[in-house]
Amino acid sequence: AFSSGDRTRSFLKVQDGCDYKCAYCTIHYARGSSRNIAIEEIVREAREIAAAGQREIVITGVNTGDFGRTTGEKFIDLLKALDRVEGIDRYRVSSIEPHLITTEIIEFYASSPKFVPHFHIPLQSGSTRILGLMRRRYTAEKYRERIAKIRELMPDSFLGVDVIVGFPGEGEEEFMETYRLLEQVEASYLHIFPFSERPGTPAVDMPGKVQPRISTERVERLEELSTRLHHAFSEKFIGTERSVLFESTDHNGMMYGYTDNYLRVSAPSDTALINNICRVRLVAFDEEGNIRSEIVG
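All figures in this text were calculated on a predicted structure; none of them were measured in a lab. (Residues numbered from 1 in each chain as written. Predicted model: local features only at pLDDT ≥ 70, side-chain atom pairs only at ≥ 80, totals over all residues. Heavy atoms only, no water.)

## Overview of the overall build of the protein chain
So the rule is basically this: A run of H or I in DSSP becomes a helix once it reaches four residues, and a run of E becomes a strand once it reaches two; helices and strands are each numbered from the N terminus. Atoms considered for the radius of gyration are the C-alpha atoms alone. The globule rule reads 2.2 Å times the number of residues to the power 0.38. Per-residue accessibility, obtained with a 1.4 Å probe over protein chains only, is compared with the maximum for each type, and a residue is labelled buried under 20%, exposed over 50%, and partly exposed between these values. Here, two residues are considered to be in contact whenever any of their heavy atoms come within 4.5 Å of each other. Only the protein chains shown count as cover for residues, and the accessible areas themselves come from Shrake-Rupley with a 1.4 Å probe. Note that His is not counted, nor are the chain ends; the positive residues are Lys and Arg, and the negative ones are Asp and Glu. Charge coordinates come from a single atom per side chain, which is NZ of Lys, CZ of Arg, CG of Asp or CD of Glu.
Each helix and strand counted, the protein chain has eight helices and 13 strands in total. Since a compact globule built from 297 residues should have a radius of gyration of about 19 Å, the 20 Å found for the protein chain is in line with a globular shape. Across its three principal directions, the C-alpha atoms of the protein chain cover 60 × 45 × 35 Å. By the burial criterion, 51% of the 297 residues in the protein chain qualify as buried. In the protein chain, of all internal contacts separated by at least 6 residues, the share reaching a separation of at least 24 is 71%. Carbon and sulfur atoms make up 49% of the accessible area of the protein chain, which amounts to about 13,500 Å² in all. For the protein chain, the separation between the mean place of its 38 positive charges and that of its 45 negative charges on side chains is 3 Å.

Right under this line is the structure:
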């Protein structure tokens, strides 16, 4: 299935369900096992999206990187097939697990003019001990290694990160491991979730419950960190040129769009530029935190 309501961007679902059983999560029970449609069919849908005039596709799924369980295909093969679809200028992957974003995928991203330097890679915790309790499939060091590879090949990449605070057993030491790791990998934006018990999940019966007031305080600390990291990431590009896909939004004579590395920018509204990729110079932050830009090509 794919969305078609947004003029410039379409969300293309390639996978559903999840075979993982993380200790806090009910998705496996609610959505069933990991499954997918064939690459051939997905490519056909991508061509339909291109024919409708949309320029960007966001590849989505419940566990997107686990693509291929049904058909025996590989996620990297899907990416390569989509890369060849004419009429689509940009691809983003909505989210991918750290252990599923392989060196081969990262290197392909870096070589493709269509797959943009924008990643959403959940961490959940920067403590390897807590990750084990969560039943995640990677360590903090493995996460750090994956991001280092991305930074090596695509230093301008935006990195969105999911984090859970207050998981049973998380003390101040484990929380600070998370805090420091997020600083080290230079996350661009954090999606922060206080731990919430889901009936029927193993985490409900785990010892070491974290008091709500402590979880709230840790959320606030990470929100402050997110604001600081996002500003630092954005500020690096002031004065540089980037490509922007302008959308149909018109607010007080301004149009808005996103750079390849997911910076939201504004420019004086020009209907001829909507749904077109333009080269802009990033000038300065506006009062809403977007970046004002000048069209250069």
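## Regarding the packing of aromatic side chains
Our working definition: Under the pairing criterion, centres of Phe, Tyr and Trp rings, with the six-membered ring standing for Trp, must be within 6.5 Å; the plane angle then separates stacked pairs below 30 degrees from edge-to-face pairs above 60, leaving the rest tilted.
Within this structure, the stated rule accounts for twelve aromatic pairs. Ring geometry for Tyr-109 versus Phe-115: centroids 5.3 Å apart, planes at 65 degrees, classification edge-to-face. Taken as a pair, Tyr-109 and Phe-115 share a single burial class, namely buried. Look at Phe-167 and Phe-195: their rings are 5.3 Å apart centre to centre, the planes differ by 75 degrees, and that puts the pair in the edge-to-face class. Placement of Phe-167 in the loop between β7 (158-165) and α7 (172-184) and of Phe-195 in the loop between β8 (189-194) and α8 (212-235) is noted, with a sequence separation of 28 residues between them. Residue class for Phe-167 comes out buried when judged on its relative accessible area of 0%. In textbook terms, an aromatic cluster arises when at least three aromatic residues are bridged by ring pairs, as seen for Tyr-91, Phe-108, Tyr-109, Phe-115 and Phe-119.

## Describing unusual backbone geometry
A positive phi angle is found at Arg-135, which is not glycine, with a value near 70 degrees. Along the chain, Arg-135 turns up in the loop between α5 (128-134) and α6 (140-153). The backbone phi angle of Glu-186 is positive, close to 55 degrees, even though this residue is not glycine. With respect to the element layout, Glu-186 can be found in the loop between α7 and β8.

## Focus on the pairing of strand β9 (residues 241-251)
Which entries qualify depends on this criterion: Strands are labelled as partners when DSSP assigns at least two bridges between them.
With five bridges joining them, β9 and strand β12 (residues 277-285) adopt antiparallel strand pairing. For Val-244, the partnering residue across the bridge sits in β12 and is Cys-278. Note that β9 and strand β10 (residues 254-259) share five bridges and pair antiparallel. Bridge pairing in β10 links Val-244 to Thr-259. Count of turn residues in the β9/β10 antiparallel hairpin: two residues, of which Asn-252 carries a positive phi of about 55 degrees.

## Observations regarding the sheet that holds strand β4 (residues 56-60)
As a reminder, the rule being used: To obtain each axis, a line is fitted to C-alpha atoms, and for helices this fit is confined to the stretch in contact; angles are then taken between N-to-C directions over 0 to 180 degrees.
Taken together, three strands build an open sheet; the order of strands is β1-β4-β5 and the sheet is parallel. Edge positions in the sheet fall to β1 (9-13) and β5 (90-93), since each has one partner strand and no second. On average, adjacent strands in this sheet sit at an angle of 25 degrees to one another, irrespective of strand direction. Relative to β5, β4 is paired through four bridges, and the arrangement is parallel. The residue bridging Ile-59 from the neighbouring strand is Val-93, located in β5. Sitting on the sheet, helix α2 (residues 39-51) is in contact with β1 and β4, with an inclination near 165 degrees to β1.

## Observations concerning the packing of helix α3 (residues 75-83) against helix α4 (residues 103-111)
The test is simple: Working rule for angles: under 35 degrees goes down as roughly parallel, over 145 as roughly antiparallel, 65 to 115 as roughly perpendicular, anything else as oblique. Crossing chirality is assigned from the near helix's rotation relative to the far helix, an anticlockwise turn below a right angle marking it left-handed and a clockwise turn marking it right-handed. Side-chain classes are defined by residue name, with Ala, Val, Leu, Ile, Met, Phe, Trp, Tyr, Cys and Pro counting as nonpolar, Asp, Glu, Lys and Arg as charged, and the others, Gly among them, as polar.
Two numbers describe how α3 lies on α4: the axes approach to 10 Å, and their chain directions differ by 15 degrees. One way to sum up the angle between α3 and α4 is to call them roughly parallel. For α3 against α4, the interelement crossing comes out left-handed. Counting all contacts with α3, which are made through Phe-75, Ile-76, Leu-79, Lys-80 and Asp-83, the residues of α4 involved are Glu-104, Ile-105, Phe-108 and Tyr-109. Classifying every residue of the contact of α3 with α4 gives six nonpolar, no polar and three charged.

## Side note on α7
Owing to its 3.6 residues per turn, the α-helix aligns residues three or four sequence positions apart on the same side. Inclusion rule: The length a helix should cover is 1.5 Å for every residue beyond the first. The arc under discussion is defined with respect to the helix axis, by the directions toward the C-beta atoms.
Helix length check: α7 (13 residues) gives 18 Å between terminal C-alpha atoms against 18 Å at 1.5 Å per residue, within 8%. Within α7, the full set of buried residues consists of Glu-174, Phe-175, Thr-178, Tyr-179, Leu-181 and Leu-182. Projected down its long axis, α7 carries its buried residues within an arc of 165 degrees, all on one side. For α7, the secondary structure elements touched by its buried residues are α5, α6, β7, β8 and α8.

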